[in-house]
Structure formats: structure tokens, C-alpha cells
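Fold and contact review
Now for the letters of each chain:
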Amino acid sequence: MGEQNKEIEQEKETIDYFAYGSNLLTARIQIGIPSARDPRVGRLDGYRFDFQGSSSRWNGATANIVTEDSSVVLGVVWRINVSDVANLDAQEVKYRPITVNVRVGDSTVICRTYVQIENGGSTKPSLAYKTVVLKGAIEHNLDAEYIEKLRRFPDNGVNQCGQSSLSSLVHE
């Protein structure tokens, strides 16, 4: 019974986070969120994926989700410690948190995710950022058609990150 109580306590101390951009990649999310674990492929209905806004960290647009009834966003549901939520909020500085229902297999999981506060419409991501997103999608075996859709987004050709700790993710 002690082991079961321990699992229940751990559940209370964690949240589910739906990642659809650079945090798809395990090596990326664990830079700032070391508790990220138990990755599960998830499907968010009623939203579409886009690259929007501008980030000096990534030298171009970053991922965003926009409501659109007939669309789907694929991503990864991570279990993270509640104590890491402040770190996640700090990382997602130009985003605001929202709660979404994500399909994981036959279940629905209530997740925290983020949408851009002000996006200014579609813009091009850097090649570096797009590469990290694609690596994460491939790492977690997202649908091949979805990966190809991500690959087809035009980029600005910049293969450098504005933050040195992220550069190794692009060139590994």
C-alpha cells in the first residue's frame, strides 16, 4: 500500500504539459525543465500549428497554435513537477498559459500549454528553430505526414541560435 500512496502523492505534485514547438525535443525541454518525463504523443483538436512572432533567442518566428475548428496539432504530453512550472513560464515569456484537452491514445488528458500573447501573424522561423522542432517530432515518432507538413514551412535560412546553450541542439 505504501508504493500506491507514493504514486498518488507524485500525481498531486505534477502537471501534464502539451509541447508542440521546441519543447518536443527531450534535450531541449530538459535544459530548463529537468523534471520532464513520461512523454506521450498527443493530439489537440480545434487548433492549427503555425510559426509566428519574433524571437531573438531563436532568430526568427516561434511555434504557436491558433484556434481553427477543422485542424489538429500533434505534440508531446510531458509530465512535469509543479515546482518546474515557474521555470516553464519564464521560458515561455512571450506566451500565456492555457488549459487544453489533449487526446492521448483513447484517453483525454487535461494539459497546460502556451499560446503567443501577440503574434502579428505568420512569419518565418530560423532554420535552427525549425530543425529543433523537427528533431523533436521525429524523436517522438509523430505522424510522418505531420512531420512533412512541418518540414514544408518556409524558414529564414538562419542556422544559428541567439542563445549559445541552444546551439548544440541544432548541430547534434
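Before any of the text, the structure's been laid out above.
Computed from a predicted structure; not experimentally measured.

1. A short note on the overall build of the protein
When helices and strands are counted, the protein shows six helices and five strands. From first element to last, N terminus to C terminus, the protein shows the α and β order α-β-α-β-β-α-β-β-α-α-α. In the protein, buried positions account for 48% of the 172 residues. Accessible surface computed for the protein: about 8700 Å², of which carbon and sulfur atoms make up 48%.

2. Concerning the layout of surface pockets
The space that makes up the largest pocket amounts to roughly 400 Å³. Elements that contribute at least two residues to the lining of the largest pocket include exactly strand E1 (14-19), strand E2 (37-55), strand E3 (60-81) and strand E5 (107-116). No other element matches E2, which puts four residues into the lining of the largest pocket. In the lining of the largest pocket, the residues fall into ten nonpolar, twelve polar and five charged.

3. Let's talk about the pattern of salt bridges
Two side chains carrying opposite charge are able to pair once their charged atoms lie near each other. Evaluation of the coordinates by the stated rule reveals nine salt bridges. When salt bridges with common partners are traced through the structure, they connect Asp16, Asp38, Arg40 and Arg79 into a single cluster.

4. Here's the deal with the environment of Val100
Mapped onto the elements of the fold, Val100 is located in strand E4 (residues 95-104). Taking the relative accessible area as the measure of exposure, Val100 reaches 4% and is therefore buried. As for Val100 and Thr113, which are separated by 13 residues in sequence, their C-alpha atoms are 7.0 Å apart. Excluding residues within four positions of it along the chain, Val100 makes contact with Leu44, Tyr47, Val109, Ile110, Cys111 and Thr113.

5. A few points about the packing of helix H4 (residues 127-139) against helix H5 (residues 144-152)
Running from N to C, H4 and H5 cross one another at 175°; their axes reach a closest spacing of 10 Å. Judged on the interaxial angle alone, H5 and H4 are roughly antiparallel. Facing H4, whose interface residues are Lys130, Val133, Leu134, Ala137 and Ile138, H5 presents Ile147, Leu150 and Arg151. When its residues are assigned to classes, the contact of H4 with H5 shows six nonpolar, no polar and two charged.

6. A look at the environment of Val73
By secondary structure assignment, the location of Val73 is in strand E3. Under the relative-accessibility criterion, Val73 is labelled buried at 0%. Spatially, the C-alpha atoms of Val73 and Gly42 are 8.4 Å apart, while their sequence positions differ by 31 residues. Ignoring sequence-local partners within four residues, the contact set of Val73 consists of Phe18, Tyr20, Gly42, Arg43, Leu44, Tyr47, Arg48, Phe49, Ile65 and Tyr146.

7. Description of the packing of aromatic side chains
Counted by the stated rule, this structure contains eight aromatic pairs. The interplanar angle of 70° and the centroid separation of 5.6 Å between the aromatic rings of Phe49 and Phe153 together place this pair among those described as edge-to-face. Here the residue Phe49 occupies a position in strand E2, and Phe153 occupies one in the loop between H5 and helix H6 (164-170), the gap between them amounting to 104 residues. Take Phe49: its relative accessible area is 3%, and that puts it in the buried class. Accessibility expressed as a relative area gives 18% for Phe153, which makes it buried. When the centroid spacing of 5.0 Å and the interplanar angle of 90° are considered together, the rings of Phe51 and Phe153 count as edge-to-face. Taken as a pair, Phe51 in strand E2 and Phe153 in the loop between H5 and H6 lie far apart in primary sequence, 102 residues in all. This pair shows no difference in class: Phe51 is buried, exactly as Phe153 is.

8. Side note on H4
For H4, which comprises 13 residues, the first-to-last C-alpha distance of 18 Å matches the rise-based estimate of 18 Å (1.5 Å per residue) to within 8%. Considered for burial, the residues of H4 that qualify are Ala128, Tyr129, Lys130, Thr131, Val132, Val133, Leu134, Gly136 and Ala137.

Criteria and cut-off values
Residues numbered from 1 in each chain as written. Predicted model: local features only at pLDDT ≥ 70, side-chain atom pairs only at ≥ 80, totals over all residues. Heavy atoms only, no water. Helix = DSSP H or I, 4+ residues; strand = E, 2+ residues; numbered from the N terminus. Buried < 20%, exposed > 50% of the residue type's maximum accessible area, 1.4 Å probe, protein only. Areas by Shrake-Rupley, 256 points an atom, 1.4 Å probe, with all protein chains shown as cover. 1 Å grid on protein atoms, 1.4 Å probe; cavity = no way out; pocket = protein on both sides within 12 Å on 5 of 7 lines; lining within 4 Å. Points joined across faces, edges and corners; volume = space filled by probe spheres on them. Nonpolar A, V, L, I, M, F, W, Y, C, P; charged D, E, K, R; others polar. Salt bridge = Lys/Arg side-chain N within 4 Å of Asp/Glu carboxyl O. Contact = heavy atoms within 4.5 Å. Axes fitted to C-alpha atoms, helices over the stretch in contact; angles between N-to-C directions. Parallel < 35°, antiparallel > 145°, perpendicular 65-115°, else oblique. Phe/Tyr/Trp six-rings, centres within 6.5 Å; stacked < 30°, edge-to-face > 60°. Expected span 1.5 Å × (residues − 1).

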